[in-house]
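Now for the letters of each chain:
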Amino acid sequence: MDIETNILVIAAEADYRTERRDGCIVLTNDPDIPRDSLFEDLELKQAISAFYSLKSGIASDGKSSRLVISDRAARANPEPSIEKDGIDNSGPVFRVADGVTSGQIAALATCLYATRAATIESTLNMSEQLLALSRGQVITI
């Protein structure tokens, strides 16, 4: 996720590795794996909503999509396995195909994590601006 451009790039699909790479996080649904974030089944609807929000969102440049899935990660694109099935009291209803792959679920979990991380980043930036304001500094909004 590039915070400056507001674009999430899903660049490659790879098997899980125990060694950590700099700048990478581990999202998993397995509570026994050392991780940065645990993805639970109850979060699937939120993850699908995050996917569509990023897919239809516009990046900071005003023209690019907020979600890019590279050719190397094309099999992880969850869209073919998701069907919109109307709307109920809690919002859109989605149906997930039986043949959904773990890579596709991982892409959805990544979208959810990215949107949550962006919210946290925005909140921290706002807090820093409020602190500066309380110290008498000038801020622009």
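Anyway, here's the lowdown on the structure attached to this text.

The rules behind each value
Residues numbered from 1 in each chain as written. Predicted model: local features only at pLDDT ≥ 70, side-chain atom pairs only at ≥ 80, totals over all residues. Heavy atoms only, no water. Phe/Tyr/Trp six-rings, centres within 6.5 Å; stacked < 30°, edge-to-face > 60°. Buried < 20%, exposed > 50% of the residue type's maximum accessible area, 1.4 Å probe, protein only. Helix = DSSP H or I, 4+ residues; strand = E, 2+ residues; numbered from the N terminus. Core = buried A, V, L, I, M, F, W, Y, C linked by side-chain atoms within 4.5 Å. Contact = heavy atoms within 4.5 Å.

Description of the packing of aromatic side chains
The geometry of an aromatic ring pair comes down to the distance between the two centres and the angle between the two planes.
Reasoning step 1: Under the counting rule described, the total for this entry stands at 2 aromatic pairs.
Reasoning step 2: With centroids separated by 5.1 Å and ring planes inclined at 70°, the aromatic side chains of F51 and Y52 adopt a geometry described as edge-to-face. We note that F51, like Y52, is buried.
Reasoning step 3: An angle of 10° between the planes, with centres 5.8 Å apart, marks the rings of Y52 and F94 as stacked. Of the two residues, Y52 is situated in helix α1 (residues 44-56) and F94 in strand β6 (residues 91-96); the sequence distance between them amounts to 42 residues. Each of the two residues, Y52 as well as F94, counts as buried.
Reasoning step 4: These aromatic residues form a ring-pair network of at least three members: F51, Y52 and F94.

What to know about the nonpolar core
Reasoning step 1: L8, L67 and C111 are the most contacted members of the largest nonpolar core, which has 20 residues in total.
Reasoning step 2: Of all the elements in the fold, those that place two or more residues in this core are β1 (8-10), α1 and α2 (102-134).
Reasoning step 3: Other than its neighbours up to four places away in sequence, L8 contacts M1, L54, R66, L67, V68, T110, C111 and A114.

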